Amino acid sequence: MAASAFGQCSLLPRTVSLNPQQSHRQLYSLSFHRQTVNSSLPALSFTQSIGFGSAIERHCVDQNGSDLFKTDAVRQLNGSVISAKGHRFAIVVARFNDLITKKLLEGALETFKNYSVREEDIDVVWVPGCFEIGVTAQLLGKSQKYHAILCIGAVIRGDTSHYDAVVNAATSGVLSAGLNSGTPCIFGVLTCDTLEQAFNRVGGKAGNKGSETALTAIEMASLFEHHLKPSE
Ligand SMILES: Nc1c(NC[C@H](O)[C@H](O)[C@H](O)CO)[nH]c(=O)[nH]c1=O
Ligand SMILES: CC(=O)[C@@H](O)COP(=O)(O)O
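A short tour of the structure in this document, coming up. (Residues numbered from 1 in each chain as written. Chains lettered and ligands numbered in written order. Predicted model: local features only at pLDDT ≥ 70, side-chain atom pairs only at ≥ 80, totals over all residues. Heavy atoms only, no water.)

Looking at the sheet that holds strand E7 (residues 122–127)
Then, in step 1: Taken in spatial order, the 4 strands make up an open sheet running E7-E6-E8-E9, and their pairing is parallel. With partners counted over all chains shown, the strands left at the sheet margins are E7 and strand E9 (185–192), one partner each. When the angles between neighbouring strand axes are averaged without regard to direction, this sheet yields 15°.
Then, in step 2: Relative to E7, strand E6 (residues 89–94) runs parallel, the two sharing 6 bridges. When the sheet's bridge partners are listed, Val 92 is paired in E7 with Val 125. (Pairing = 2+ DSSP bridges. Helix = DSSP H or I, 4+ residues; strand = E, 2+ residues; numbered from the N terminus. Axes fitted to C-alpha atoms, helices over the stretch in contact; angles between N-to-C directions.)

Set out below in structure tokens:
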């Protein structure tokens, strides 16, 4: 539930008689109340669109992003993960901890292959460590040659605060690269307390995070290409 200065805010179904054109919609009235709400209810978030009339339509999603209802009027933009054929990707990989990063790279390449990305549409760029990923991804993103950049690395905690410095640099570097270049830059950097945690994430108990982030790259490439590309 969204909290407000007035207490809890909730959407309550309003009993209205719908005409046939409205039958696919539900109207909600907005009410504020202070009493404790049943915590077993799904939390709602909503966006509000005000049309030409005075009616306010609300599109509700639960905590997991699932639709509680859909209306024909709300445009939903999704990236497709059916096939990535024709999309070009760069993978920036840190050599530091390469026992781990090579396996992340393998996972990513396997996923790209499974989703029909052609080998000639993938460039792999090696950098010394995670600290160097951001600047490299930004340059690749700005080149406009790729639909998405996948950033792969592994930071494993040592004795000093060096870990935090490298993690922060990698995280903000990848974020800035995406924001500054307009090309989706995907965060495939493991941040682990132990080598065991890292091995579990490159094909062990916790799957292969390289494969997972490749799928994110495919989805974002499709979303940008089909829906969000700036008009020329
Ligand atoms: N400790 C880790 C590093 N450190 C190296 C830095 O990323 C960087 O290459 C160096 O400071 C020169 O600028 N890199 C990782 O990828 N993982 C680590 O655990
Ligand atoms: C990123 C790290 O924590 C590691 O490579 C550095 O180890 P240390 O903190 O022991 O110098």
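Some details on the nonpolar core
Then, in step 1: Grouped together as the largest cluster of nonpolar side chains are 24 residues, with contacts concentrated most on Phe 89, Ile 91, Ile 100, Phe 112, Leu 150, Ile 152 and Leu 190.
Then, in step 2: The element that contributes the greatest number of residues to this core is helix H1 (residues 98–114), accounting for 5 residues.
Then, in step 3: The contact partners of Ile 152, leaving out residues within four places of it in the chain, are Ile 91, Val 92, Val 93, Ala 94, Thr 101, Leu 104, Leu 105, Ala 108, Ile 133, Gly 188 and Val 189. (Core = buried A, V, L, I, M, F, W, Y, C linked by side-chain atoms within 4.5 Å. Buried < 20%, exposed > 50% of the residue type's maximum accessible area, 1.4 Å probe, protein only. Contact = heavy atoms within 4.5 Å.)

Some details on the packing of aromatic side chains
Then, in step 1: Per the stated rule, a full pass over the model turns up 1 aromatic pair.
Then, in step 2: Arranged with centres 4.5 Å apart and planes meeting at 25°, the rings of Phe 89 and Phe 112 form a pair that is stacked. Remark: Phe 112 occurs in helix H1 and Phe 89 occurs in strand E6; sequence separation between them is 23 residues.
Then, in step 3: Looking at Phe 112, the relative accessible area reads 0%, which means it is buried. (Phe/Tyr/Trp six-rings, centres within 6.5 Å; stacked < 30°, edge-to-face > 60°.)

Concerning H1
Then, in step 1: Here H1 is 17 residues long and its end C-alpha atoms lie 24 Å apart, about the 24 Å a rise of 1.5 Å per residue gives.
Then, in step 2: Turning to H1, its buried residues number three or more, namely Ile 100, Thr 101, Leu 104, Leu 105, Gly 107, Ala 108, Thr 111 and Phe 112. Across the axial projection of H1, the buried residues extend over an arc of 160°, all falling on one side. Along H1, exposed side chains directed more than 90 degrees from the buried face belong to Leu 99, Glu 106, Glu 110, Lys 113 and Asn 114.
Then, in step 3: Downstream of H1 by a residue or two, Ser 116 has a phi angle that is positive, lying close to 70°. (Expected span 1.5 Å × (residues − 1). Arc of directions from axis to C-beta.)

Here's the deal with the site of ligand 2
Then, in step 1: Contacts to ligand 2 come from Val 155, Ile 156, Arg 157, Gly 158, Asp 159, Thr 160, His 162 and Tyr 163.
Then, in step 2: In this structure, an oxygen atom belonging to ligand 2 sits 3.4 Å away from a main-chain N or O atom of Tyr 163.
Then, in step 3: Counting only elements with at least two residues in the shell around ligand 2, the list comes to strand E8 (148–156) and helix H3 (162–181).
Then, in step 4: The class makeup of the residues in the shell around ligand 2 is 3 nonpolar, 3 polar and 2 charged. (Near = heavy atom within 4 Å. Polar contact = N/O pair within 3.5 Å; in protein donor to acceptor, adjacent residues only side chain to side chain. Nonpolar A, V, L, I, M, F, W, Y, C, P; charged D, E, K, R; others polar.)

Fair warning: the whole summary comes from geometry, so function is off the table for now.
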